[in-house]
Structures are given as C-alpha cells and as structure tokens.
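Chain by chain, the residues:
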Amino acid sequence: MYSCLHTHTSFCDGDGTVDDFCAAAHEKGLVSLGFSAHAPLPKELGVTTNWHLSHDKLAAYMNEVRAAREKWRDKLDIYLGLEVDFIQGYMSPADMFYQDLKLDYIIGSVHCVLPPHAPLNWARTWVGDKLLCIDGSADEFIILLEKGFNGNVDMLVETYYKSLISMCAAGGITILGHADLIKKNNSGARFFTNDDARVVPLIHKLAAAIAAHNIIVEVNTGGMNRGKIDEPYPSQSMLKILQTHDIPAMINADAHICAHLDGNYETACRHLASAGYTGHLIFTGAPPQRRLEPIGMCCG
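The structure contained in this document is the topic of the report that follows.

What counts, and at which threshold
Residues numbered from 1 in each chain as written. Predicted model: local features only at pLDDT ≥ 70, side-chain atom pairs only at ≥ 80, totals over all residues. Heavy atoms only, no water. Helix = DSSP H or I, 4+ residues; strand = E, 2+ residues; numbered from the N terminus. Contact = heavy atoms within 4.5 Å. Pairing = 2+ DSSP bridges. Axes fitted to C-alpha atoms, helices over the stretch in contact; angles between N-to-C directions. Buried < 20%, exposed > 50% of the residue type's maximum accessible area, 1.4 Å probe, protein only. Right-handed = clockwise from strand over helix to strand, strands pointing away. Arc of directions from axis to C-beta. Salt bridge = Lys/Arg side-chain N within 4 Å of Asp/Glu carboxyl O.

1. Re the side chain of T221
Part 1: Relative to the helices and strands, T221 resides in the loop between strand 6 (216–220) and helix 8 (222–225).
Part 2: Excluding its chain neighbours within four sequence positions, the residues that come into contact with T221 are N252, A253, G263, N264, Y265 and A268.

This is how it looks when you write it as structure tokens:
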C-alpha cells in the first residue's frame, strides 16, 4: 500500500488543483495523500520567489485541503502540511509562525545554502533578485560553488549537511525532505560522493539528530520522476547509515504533477530493501496514524 505526503499543487510550483491530485491519487490506489506547499517565506525577509506559497494564499490553501478531506473522507485520507525551508539565521520549521498553524505534518528541507557571513541576497549580482538554491540549474550550482565558496566543495558540502543537522536539532519537523538534495548537480560524482571520508561523519551526525527528534526520512523519487537523477534521495549509502540508527523511512513522490504521484515507487522499495529496511511508513486515519507497511508486500 502506498501514500504520498510530498505534493505541490498550483498553489505553489505544481500544476493541478488540490482536487485534481485527490482524484489522481484515488485512481492510482493510494491510501493517503498529503499536501505540502512550499511554505510562505517570513515577511520580514523581504524576499519572494515564484515557487513559495504567498502569504495571501495561505488561508485559501489550508481551507481547500480541509474541504478535500471532507469530500474524499470515505475514499482517501487527506492530510494538511507544508514544506518549510531552513535557511540558517533566517527561517526554520521550528519557527512559531509555522508551528501555530497546527498542521498534520511539516516537511523540513534545505534548498538554500548561504556562504559564511553572507546576506540572504548575496547572489543578486549573478542571478538577480532570487534565492540561489543547491537544486537549481547546473549553472547556478557552479555560481554557488565558485562565487559563494571560492570553489571549495568541501566547505559547500559541509555547510549543507550542517544546515540539515541544525534544522533537525531545532525540531518542529515530521519528515526530513530529500536528505541529500545537494547531489542533484553532482552527476557522475563530479564533486563528491556520500561514501567520501569527508561526508560520512556528517551523515552520522545528521542521523543522530534525526533519531533524537523522532523524525521520518523520506525516500524521495521526485528527481527520478523529473529525469534529473537516476536514484532516489537519499543515496543507498546514506540510507544504510540511517537504517543502523533505526530511523523510519517513508516513500514520497515529491509530485508537482498528478502523473508523478506514485512515480518510481517500486524502485524506492528496492532501494529501501537493499539498505536493510523491511518496511516503509504510511499515514492513515484521522488524526494521522503511522503504520509500517512491509516492503515485501509492495515490491514482490
């Protein structure tokens, strides 16, 4: 049995309404569906993007998901969430603004990694008035590496993983989103691998922070669904470390279109099994209950 708690509708950077996604999830046989719009950025930052939910649409988003929960009550379990960014020194899923929304869950993610002592808009000279993210284009990743970190990939990777550790240690999240997102622009292990002696100690520290705060790690097939990478997030080597810490895993599609809702889930099952996992979590019921679904039943 499958579910997906990482979905983006046209309220942020996805394509399709809440009801479109519910209908597609029901047709595909999912047992539950969660909506996780990119959370509004704090107003005091003075920054907007074309992929975050705007503050003036937050209430409408929440109301529409709640309405869908009633409409689909006997067919599909619907959950209300947000994907909240962690930007060191600027915003965190633990911030009271997000906690006070009383969501069913929060996905905590790191997209934006700032160079040491740099302001939020440090990259304006090269990319304009936008956040420069590690999962942007290959050209943007090179700008981040060369201009922000002086070409020092060790420093960039360390800053990324330390941001994940800080986010998890701060608490307030249910699910850790795409835990090694930094590999998106690392095709062919051009800059580093998760087996690298520089990276492994950071992953162990991250695993300890995840375990200490009872956080779920998602096996995210979004990069595969969009043809960007050839394996889920996180990598096999990282999953093996997480498994040794008894960290629960959940399969999510990071779907931005309805067709991707269960994309590459069989691959995700095999990915988990190869790392030593025997099951994956799904949410069912109201309020949401965590249930472990045996992997052997979902991938044969």
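2. Notes on the sheet that holds strand 2 (residues 32–38)
Across a sheet, paired strands are connected by hydrogen bonds in the backbone, their directions being either parallel or antiparallel.
Part 1: Read from one edge of the open sheet, seven strands run 1-2-3-4-5-6-7, paired in parallel fashion. The two strands at the open ends of the sheet, each matched to only one other strand, are strand 1 (3–4) and strand 7 (249–252).
Part 2: Pairing geometry for strand 2 and strand 3 (residues 77–85), over seven bridges, is parallel. Bridged to S36 within strand 3 is G81.
Part 3: Against the sheet, helix 2 (residues 55–71) contacts strand 2 and strand 3, and its axis sits at roughly 155° relative to strand 3.
Part 4: Across the sheet, helix 10 (residues 265–274) touches strand 1, strand 6 and strand 7, and the angle it forms with strand 7 is around 160°.

3. Some words on the pairing of strand 2
Two faces belong to every sheet, and in a regular strand the side chains alternate between them.
Part 1: Counting buried positions over the seven residues of strand 2 gives seven, a clear majority of the element.
Part 2: A two-sided burial pattern is seen for strand 2, the buried positions comprising S32, G34, S36 and H38 on one face and L33, F35 and A37 on the other.
Part 3: For strand 1 and strand 2, the ladder comprises two bridges, and the chain directions are parallel. When the sheet's bridge partners are listed, S3 is paired in strand 2 with S32.
Part 4: Handedness of the β-α-β unit built from strand 1, helix 1 (residues 18–28) and strand 2 comes out right-handed.
Part 5: For the segment spanning strand 2, helix 2 and strand 3, crossover handedness is right-handed.

4. Things to note about helix 9 (residues 236–244)
Part 1: Within helix 9, the full set of buried residues consists of M238, L239, I241 and L242. Seen end-on, helix 9 carries its buried residues on one side only, within an arc spanning 160°.
Part 2: Where helix 9 is buried, its residues contact helix 6 (153–170), helix 7 (200–212), strand 6 and helix 10.
Part 3: Looking one or two residues past helix 9, D246 carries a phi angle of roughly 60°, positive in sign.

5. Quick word on the pattern of salt bridges
Part 1: Applying the stated criterion across every chain, the model contains 12 salt bridges.
Part 2: Residue R198 pairs with D154 through a salt bridge whose shortest N-O separation is 2.1 Å. Taken as a pair, R198 in the loop between strand 5 (175–176) and helix 7 and D154 in helix 6 lie far apart in primary sequence, 44 residues in all.
Part 3: Judged by its relative accessible area of 36%, R198 is partly exposed.
Part 4: The class for D154 is partly exposed, based on a relative accessible area of 35%.
Part 5: Residue K183 pairs with D180 through a salt bridge whose shortest N-O separation is 3.1 Å. Comparing K183 with D180, the two get one shared label, buried.

6. Describing the pairing of strand 8 (residues 279–284)
Part 1: Most of strand 8 sits inside the fold, with six of its six residues counted as buried.
Part 2: Burial along strand 8 is two-sided: G279, L281 and F283 and H280, I282 and T284, pointing in opposite directions, are all buried.
Part 3: Taken together, the six bridges between strand 8 and strand 9 (residues 289–294) define a ladder with antiparallel strand orientation. Its bridge partner lying in strand 9, I282 is registered against R291.
Part 4: Connecting strand 8 to the antiparallel partner strand 9 that follows it, the hairpin turn spans four residues, and G285 within it adopts a positive phi of roughly 80°.

7. Things to note about unusual backbone geometry
Part 1: Following Y233, the chain continues into P234 via a peptide bond in cis, with omega recorded as -5°.
Part 2: Put simply, A286 and P287 share a cis peptide bond, and its omega is -5°.
Part 3: Within the secondary structure, P287 is located in the loop between strand 8 and strand 9.
Part 4: Even without being glycine, H178 reaches a positive phi, approximately 25°.
Part 5: Looking at where H178 falls in the secondary structure, it is placed in the loop between strand 5 and helix 7.
Part 6: Accessibility expressed as a relative area gives 2% for H178, which makes it buried.
Part 7: Residue D246 is not a glycine yet carries a positive backbone phi of 60°.
Part 8: With respect to the secondary-structure elements, D246 resides in the loop between helix 9 and strand 7.
Part 9: Among the residues examined, D246 registers a relative accessible area of 68% and is labelled exposed.

Read these as layout, nothing more, since geometry by itself doesn't imply function.
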